[in-house]
Each structure stands twice: as C-alpha cells, then as structure tokens.
There are 2 protein chains.
Amino acid sequence: MIPNFADRFDGISGSAIREIFKLIARPGVISFAGGNPSPKALPDDLVGEIAAKVIKEDGKRILQYGATEGYPPFLESLSNYLKNKHAFDLSNNLVLPTTGSTQGMDLLCKALINPGDVIITENPTFLGNMQAMRLYQAKLVGVDCDNDGIIIDELEAAIKKYKPKMLYIIPTFQNPGGTTLSLERRKKIVALAEEYGFIVAEDDPYGDLRFSGESLPTIKSFDKTGNVVYLGSFSKIISPGMRVGYMVGENTIIRKCTIGKQSSDLHTANLTQAIVDKFLRENLLDDLIEKIKEDYSIKMQTMLDALKDFPEGTKYTKPEGGMFIFVKLPQGLNATELLNTAVSNNVAYVPGTHFYTDGGRENTLRLNFTNSDIDTIKTGMAKIAEIFKDNNGGK
Amino acid sequence: MIPNFADRFDGISGSAIREIFKLIARPGVISFAGGNPSPKALPDDLVGEIAAKVIKEDGKRILQYGATEGYPPFLESLSNYLKNKHAFDLSNNLVLPTTGSTQGMDLLCKALINPGDVIITENPTFLGNMQAMRLYQAKLVGVDCDNDGIIIDELEAAIKKYKPKMLYIIPTFQNPGGTTLSLERRKKIVALAEEYGFIVAEDDPYGDLRFSGESLPTIKSFDKTGNVVYLGSFSKIISPGMRVGYMVGENTIIRKCTIGKQSSDLHTANLTQAIVDKFLRENLLDDLIEKIKEDYSIKMQTMLDALKDFPEGTKYTKPEGGMFIFVKLPQGLNATELLNTAVSNNVAYVPGTHFYTDGGRENTLRLNFTNSDIDTIKTGMAKIAEIFKDNNGGK
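Residues numbered from 1 in each chain as written. Chains lettered and ligands numbered in written order. Predicted model: local features only at pLDDT ≥ 70, side-chain atom pairs only at ≥ 80, totals over all residues. Heavy atoms only, no water.

### Some thoughts on the relation of the copies chain A and chain B
Right, so step 1: Mapping chain A onto chain B is achieved by rotating through 180 degrees and translating by 0.0 Å along the same axis, at an RMSD of 0.0 Å. The transformation relating the two chain copies, once decomposed into turn and shift, fits a two-fold axis.
Right, so step 2: Mapped onto chain B, 99% of the interface residues of chain A again fall at the interface, so both copies present the same surface. (Least-squares fit on C-alpha atoms with pLDDT ≥ 70 in both. Contact = heavy atoms within 4.5 Å.)

So this is what it looks like as structure tokens:
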C-alpha cells in the first residue's frame, strides 16, 4: 500500500543538494558542491582518544538514557563557553544541545510555526533550512541582499506587508552568499524584531571561520527582549558527523523546544555531547580553528584567483571567511543546465537557483572551497571556466 | 517576548514520565518509574574499546557529514541482521537508521499524519509516543487490551467507526502492560490493515528480552502489502544513550521518512552507528542479551513475588519478558494521588492514568523492574505495599 502522505510534503521533493551529492558521489568527480569541511580539518585521532577517555570516566552515564535538556557536563561547559565568547545573558536565556543545528531550526519551527505563517529569509538562503521551514508549511518571503547582508529597507517593507512570525538569517559568512551582515544592520534587526514582534532565528555555523577583517558581535548579543534565538554548531570546527549543535533563547521558547525534542529524538547522543564537552574543557578548539582557518583561507584565495578566468562580466562575492563563494554569471548563461555538462566533465557545483525562495536566477551558482586541495581547486575551476566560456561565445 | 506558540502544542505539557524523573532525581529515591536498562547491562568497557577502534579504522568518514540514509557499513550489517532475525523482505522494504526509535515514530507521523487524522492505539500505551502523535495533532483512539494484547473485536469496531490512518502497537512485552499479542491476533491485524487500508506502526524495543515462553514472529513478517512499518531499537540491548534505532517499511514510505529526516537532524551520528555496526559484525549481541535476560528475569520474579503483599484484590500482569509490570489496585485506591506519599517515602512509580488515551483509571500504575537491584526491589515494593494498604483500610 502506498498511503496518502501528509499535506506538509506537498511540493517537497528532498533537498536538491543531497540529490546532487548522490549524482557526484562517483570517484573522480571534483566537487565544489557540498558544504563539507576539509578531511584534514577533522580531528579523528583526537576524537578517538577522547571517546575512549570519556567512556572510561563516565561510561555508565553516557550509555544510559540522558536528559532531553542535555548531558549535564556539556550543558555546563557549553554555557561557560557561550558566556565568554558571546556575552550571552544566560539568566534570561537557556541553552539546549541539539542533534546538529539542523535540529535547532526544526525545533524552533515546531514550537512556533502554524501552516501559512510567514518566515522572512535572506534571498538567497540555505536550502536545507528552506526545506525545514516548508515542511512546517511556512510561507517563505525572500528579501534581497547586498554586500552588507540583507537590505534593511526592503526587510522593513516586507515586515510591514507580511507580518512575519520569524526572520531566518545567517549573518556571518552567509550560505550561499559568503557575505556578512554589517554591525549597524545587526542592531537594526533587533530593533525591528522588538518593534514588530517577531522571532529572529540567527543561524551561525561559520562565525569561527574568519580569515580577515574584524569579528562582529552576534545579533543575539544585542537582544534584551528575548526575540532572538541563536543556533550554533560544532560541525564546522570539530565534526559534522557527530551531530552536535545547540540553541540559545529566551527560557519559555527553549522550554517549548525541549518538549518538542522529547518526541523528536528524546536527547542528543550522550557520547558525542561528552566528546565536545572535552574539547571545551581542555581548550582544544582554538588550535583546531587556527589550523582550519589557515588551510581554508589559502583555498579561498586560490578559488578567487581562478574566478578571474570565468566569462567576462562574471561577478562574485569576496568573503572574509566561511566556506562558500557565490557567483553571478553574465545573463544568458544557465548554470542549472550547464551542471550536467560540468558533471560529465567530472566537476560539480550547486546551481544558485535552489537557494532562492522563488527560484529563477539561473545564472548563479555556489562554490565550496573547503573540501578540495589547492591543485584540485585549480583543475576544477579551470574546467568550469572553460565550460562556461564555451557557452558564452568563447568569452 | 513570549511568542504565540504553534497550535500543535495546545494541550501538550511535556511528557509526564520525564517530569516524574526530575521529581525523583534526588539521591535515595528508589525508582520503579523509569524505563532505564540496568547499569550492569550497559557494556561501557566494550563500547570504549569499539569507539577507539572504529575511529582508528574509519575516522575521517565517521567525522564527516554522512548520508541521511545511514552510515553505509551499518546499513549493510543492519540489513543482514534483520533478514536473518525476522526474515524481512528487503527487496520491497527499506531500512532507515534513526536517532532512537523515538525518531522513527516521529518521522512516520511526519510522513503520514495531517491534523485530525485518527491513530488507534492500545489502551494503555507508551506515553512518550502518545505525545509524539499528539504533536502532529492526531486524534488518538484507544482500544482495550486483555492478556493476549489488543482485543480484535473492539479494534475492528474502532476501525469501522474512525477510519484510522494508523494503528500504533507494541506487540511484545507491551509498555506499560507487559503483555504480548498472540500469534493469531498478529495475523489478523495484518489482514485488517490490508482490508481497511491503514498503516501499522509496530514498535518493538523489548522483543529480545524474553525470559520464558516462545518467541513470536513480528507483525511485519506477515506483511505482504507494505502496510506495516517496523520500529526497532538498540536502546534496550546495547545503550539508550547512543540513540540508535531504525525503521523498516515499504520503499515509498521510508523514502518519505528519509526526506523528513533531512531536516530533522540530517543524519544520525556516524560514531554511534559505527559502534552498533561493530556489535553486529562481531556477533556481540547474543552474549549481551543472554546476560541481560538472566539479570532481568530474576528481578521480575522478585517484583512479582512482592506484589503478593499488595492490597487484597490487586491484579497485575505476569509478563514473559520486557521491563514492566502493570498493576490494577482495588477500586478506590488512587495511585496518582498516592505517588506524592510514595515519593515522600523515597519510592516512585508511574501512575497508570498517563498511559491511557482518555486518562482515568486512577487505580493503575506501571512498575519497572530492570533498573534496581534485588534488595532495592524488595525494599521499595514493601514500602509501596505499605502505603497502599494504609490507604485501603490496612488490607
């Protein structure tokens, strides 16, 4: 029997990125499509040692059922880490460990979103979370961005018009844009949230990966009224495969998310929480992050250099960190159609259209620079440049 | 700002069991309330060794993003295990690793349930999953059980009356009842599902814990039409804290659940999947299960013996395995009210009312026998018996 599936799946066909992953999984394909950390960045030896150690120290508790609220030592070290790092006020806010920040976004939608509620997003935005929001039958309204992030005038106009329940935003090294929201705009968003009464979901998986320029405070750090929920992750600085993220928000909201989490997965695996706990307690993160940044910044520069050979009139972001560069080809070049040609030539990217709430923009694409080595980036970028030029009259 | 929460939370206040857990968390309380494995049953030394080993062997892949469909070696070993153990037909069914079987139930509801859809359950049933179903705004209809499980005549009447989308059932060593669905009823349920076109969610976390009597085939093993989705777990035989479960169902249904999982947590932690994979590949489960059963069967017998001292007219189930005994006190004794007295006397259970879709039955309670040692069971049961007798005129 093939049953009638729930209405929430109407128009949902699975994440385009993950389908592309399968397409390019065969050996020999150079992929700029994923959002994977460099294999070199994954501290496997260290995690192996730590895993054995935490089970030796606290194995019975780690293997037993845990609290939905989190593995107690991790909840403590994480809270301290967040107070020091972001100056979050944890007297009016709670921290909830989640199974990746993917789950944080899911739980926030579960807590807040009724079918038809409006969520405003950057346009383009992270397609994984677009699917999450759509599975809650939210109506997504995209607001355009420039080099300083979401454009505030357009955001305010959209807020007035659509009365959103939530703004979903990736302020630092945005996915897919690579851009960073300016300080002034961060403050303005907090003021708008307070004035118009909506929740800001601040998704910040890349904030630690800054190669140049000055760090900016989180949007959450300006929040005095509990309108901002911060979504964090250790996926980009320790390991995505361990699925450890967290959310920080006003007590009532996080309690609702905790009830939601009881029936989502009861709790995040104690073992992976305990491993991240040790990274925090033993101050292992700074060294890791320094090494990752050194590696990634050279890779990004290599890719930026290679972009100079793309067709005349190509524009692209020049990020100060993160994992992605977003490219606009000259009008008429169709990056969605040309992906097939690229894959036939053993190189891949994600067409930009998938990141827009309303599709279109077939001349855009997202490039990831973290998961390939320098020579591979040069080879792959040369291939893509050639394909695009061939389809642009050789220019 | 305290936002308006989503309608799905109307009437949801968090799992009663988990609130009771907090109440009794202080040291010195004897708890028959949880559903925790015995600490002795948790193979911490083995898991420590295996964790180090799998990271040594495949650390880069384990730490990297994984496929939503599962860690490939685990998907393979799990499929072989299920073919051998339950003779599942995996040409028309897919296996999906989940973050505990809790997530399996959540994903199945996500795939199938629109607000107002009817789910039939055993009455009483597992309250954690009652909350899961209610968060999808399902209407729950409970059908009474006897010593052979759900009563088929009443089930068929409810099916005709309510036209359910799903039947949720725990056929073996039911939670909270401890009873096991007879072979004849298993076959009949498959026939009813086919005739009336609903999905059966077969939740089987306790099936391996049989202390006496003969093993029965799963409901799923009789399913030729794809109406049955099987939810399995390693929580009760390896570790609940690792959060590794799985679901087995008709291809189309599992693909829909996989899309749902993309935005629930992207994938289950590779590390915990890899650890369970080794337990399967190295045939470590049988020994573990034998030891657990030996321990639990003595504990259950101790608890059953102690129940003879409960008030006159007390009835209780006599399970052949699992983790729970369900108790009906004489009418007039209120187990919900008396929990406070019990906790004041440092002993706890779960009032049975929380397991009924329509509440009531205040004279019932659930007792867990796995998470206390023999002497503690004797001491705690004597205390409860005394409290109940004191409130029953000394009888």
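### Topic: the interface of chain A and chain B
Right, so step 1: Contact with chain A, which involves 86 residues of that partner, is made by 85 residues of chain B.
Right, so step 2: For the pair chain A and chain B, the summed buried surface comes to about 6,800 Å²; carbon and sulfur atoms form 58% of the total.
Right, so step 3: The tally of links from chain A across to chain B stands at four salt bridges.
Right, so step 4: Note that Lys110(B) is salt-bridged to Asp106(A), the shortest N-O span being 3.8 Å.
Right, so step 5: At the boundary of chain A and chain B, one finds 36 residue pairs in polar contact (both at pLDDT 80 or more).
Right, so step 6: Those elements giving two or more residues to the side of chain A that touches chain B turn out to be α1 (16-23), α2 (44-63), α4 (100-112), α5 (127-135), α8 (251-264) and α9 (270-281) of chain A.
Right, so step 7: Ranked by residue count, the leading element in the side of chain A that touches chain B is α2(A), at ten residues. (Buried area = accessible area lost by both parts, 1.4 Å probe. Salt bridge = Lys/Arg side-chain N within 4 Å of Asp/Glu carboxyl O. Polar contact = N/O pair within 3.5 Å; in protein donor to acceptor, adjacent residues only side chain to side chain. Helix = DSSP H or I, 4+ residues; strand = E, 2+ residues; numbered from the N terminus.)

### Quick look at the domain arrangement of chain A
As a measure of interface size, the accessible area lost when the parts come together is often cited.
Residues and elements named next belong to chain A.
Right, so step 1: Under the domain assignment used here, chain A contains domain 1 (7-43 + 286-390) and domain 2 (44-285).
Right, so step 2: A C-alpha centroid distance of 24 Å is found between domain 1 and domain 2.
Right, so step 3: Taken together, the contact between domain 1 and domain 2 spans 39 residues of the former and 41 residues of the latter.
Right, so step 4: Across the interface of domain 1 and domain 2, roughly 3,300 Å² is buried in total on both sides, 63% from carbon and sulfur atoms.
Right, so step 5: Of all residues in domain 1, Pro43, Glu320 and Thr357 bury the most surface against domain 2, accounting for 22% of the area lost on that side.
Right, so step 6: Across the contact surface, domain 1 and domain 2 share two salt bridges.
Right, so step 7: Where domain 1 meets domain 2, there are 19 residue pairs in polar contact (both at pLDDT 80 or more).
Right, so step 8: Of all elements in the fold, only α1, α10 (285-307) and β11 (324-328) reach the threshold of two or more residues within the side of domain 1 that touches domain 2.
Right, so step 9: Looking at the side of domain 1 that touches domain 2, the element that brings in the most residues is α10, giving nine residues. (Domains from an automatic or database assignment.)

### Remarks on the sheet that holds strand β8 (residues 228-233) of chain B
Residue and element names in this part refer to chain B.
Right, so step 1: Spatial ordering of the open sheet is given by β2-β9-β8-β7-β6-β3-β4-β5, a layout of eight strands whose pairing is mixed. This sheet does not close on itself; its edge strands, each paired only once, are β2 (93-98) and β5 (149-150).
Right, so step 2: Where helix α8 (residues 251-264) meets the sheet, its contacts fall on β2, β7 (199-203), β8 and β9 (245-250), and the angle it forms with β2 comes to roughly 25 degrees. (Pairing = 2+ DSSP bridges. Axes fitted to C-alpha atoms, helices over the stretch in contact; angles between N-to-C directions.)

### Thoughts on unusual backbone geometry
Right, so step 1: With an omega of 10 degrees, the peptide bond between Asn123(A) and Pro124(A) qualifies as cis.
Right, so step 2: Tracing the chain through its elements places Pro124(A) in the loop between β3 (118-123) and α5.
Right, so step 3: The omega torsion of the bond from Asn175(B) to Pro176(B) falls at 10 degrees, within 30 degrees of zero and hence cis.
Right, so step 4: Tracing the backbone through its elements, the reader meets Pro176(B) in the loop between β6 (166-169) and α7 (183-196).
Right, so step 5: Here the phi dihedral of Ala87(A) falls at roughly 55 degrees; this positive angle occurs in a residue that is not glycine.
Right, so step 6: When you line up the elements, Ala87(A) lands in the loop between α3 (72-86) and β2 (93-98).

### Points about the packing of α10(A) against helix α12 (residues 374-390) of chain A
Residue and element names in this part refer to chain A.
Right, so step 1: Two numbers describe how α10 lies on α12: the axes approach to 9 Å, and their chain directions differ by 20 degrees. When the interaxial angle is binned, α10 and α12 end up roughly parallel. In this structure, α10 crosses over α12, and the sense of that crossing is right-handed. Contact with α10, carried on its side by Ile298, Lys299, Thr302, Met303, Ala306 and Leu307, involves Ile374, Ile377, Lys378 and Met381 of α12 and no other residues of that element. (Parallel < 35°, antiparallel > 145°, perpendicular 65-115°, else oblique. Left-handed = near helix turned anticlockwise from the far one by under 90°.)

### Some words on the nonpolar core
Right, so step 1: With 219 residues, the main nonpolar core has Phe234(A) and Phe234(B) as its most contacted residues.
Right, so step 2: Apart from the residues lying within four places of it in its own chain, the contact partners of Phe234(A) are Phe74(A), Leu78(A), Tyr81(A), Ser239(A), Val244(A), Tyr246(A), Val276(A), Leu280(A) and Leu285(A). (Core = buried A, V, L, I, M, F, W, Y, C linked by side-chain atoms within 4.5 Å. Buried < 20%, exposed > 50% of the residue type's maximum accessible area, 1.4 Å probe, protein only.)

### Quick look at the layout of surface pockets
Residues and elements named next belong to chain B.
Right, so step 1: Taken as a whole, the largest pocket holds about 770 Å³ of empty space.
Right, so step 2: Sort the elements by how many residues they give to the lining of the largest pocket and helix α1 (residues 16-23) lands first, with three residues.
Right, so step 3: Within the lining of the largest pocket, the residues separate by chemical class into nine nonpolar, 14 polar and five charged. (1 Å grid on protein atoms, 1.4 Å probe; cavity = no way out; pocket = protein on both sides within 12 Å on 5 of 7 lines; lining within 4 Å. Points joined across faces, edges and corners; volume = space filled by probe spheres on them. Nonpolar A, V, L, I, M, F, W, Y, C, P; charged D, E, K, R; others polar.)

### Some remarks on the sheet that holds strand β6 (residues 166-169) of chain A
All names here are of chain A.
Right, so step 1: Reading across from one edge, β2-β9-β8-β7-β6-β3-β4-β5 is the order of the eight strands in this open sheet, with mixed pairing throughout. Because the sheet does not close on itself, it has two edges, and the strands there are β2 and β5 (149-150).
Right, so step 2: As judged from the two bridges shared by strand β4 (residues 139-146) and β5, these two strands associate in the antiparallel manner. Paired with aspartate 146 across the bridge in β5 is glycine 149.
Right, so step 3: Helix-sheet contacts for α3 involve β2, β8 (228-233) and β9 (245-250), and the interaxial angle to β2 is about 120 degrees.

### Thoughts on the packing of aromatic side chains
Right, so step 1: As enumerated under the stated definition, the model contains 20 aromatic pairs over all chains in all.
Right, so step 2: Measuring from ring centre to ring centre gives 5.6 Å for Phe234(B) and Tyr246(B), while their planes differ by 50 degrees; the resulting arrangement is tilted. Remark: Tyr246(B) occurs in strand β9 and Phe234(B) occurs in the loop between β8 and β9; sequence separation between them is twelve residues.
Right, so step 3: In textbook terms, an aromatic cluster arises when at least three aromatic residues are bridged by ring pairs, as seen for Phe74(A), Tyr81(A), Phe88(A), Tyr230(A), Phe234(A) and Tyr246(A). (Phe/Tyr/Trp six-rings, centres within 6.5 Å; stacked < 30°, edge-to-face > 60°.)

### Points about the packing of α4(A) against α8(A)
Residue and element names in this part refer to chain A.
Right, so step 1: With their axes 9 Å apart at the nearest point, α4 and α8 run at an angle of 110 degrees to one another. One element, α4, and the other, α8, form an angle in the roughly perpendicular class. On α8, the residues that touch Gln103, Asp106, Leu107, Leu108, Lys110 and Ala111 of α4 are Ile253, Lys256, Cys257, Gly260, Lys261, Ser263 and Ser264.
Right, so step 2: When grouped by side-chain class, the residues that make up the contact of α4 with α8 number five nonpolar, four polar and four charged.

### Some remarks on the side chain of Asn227(B)
Right, so step 1: As for its position among the elements, Asn227(B) is in the loop between β7 and β8.
Right, so step 2: Asn227(B) sits in the buried class, given a relative accessible area of 2%.
Right, so step 3: Of the polar contacts made by the side chain of Asn227(B), one reaches the backbone oxygen of Ala193(B); its length is 3.1 Å.
Right, so step 4: Setting aside residues no more than four positions away along its own chain, Asn227(B) makes contact with Met1(A), Ala193(B), Glu194(B), Gly197(B), Phe198(B), Ile199(B) and Val200(B).

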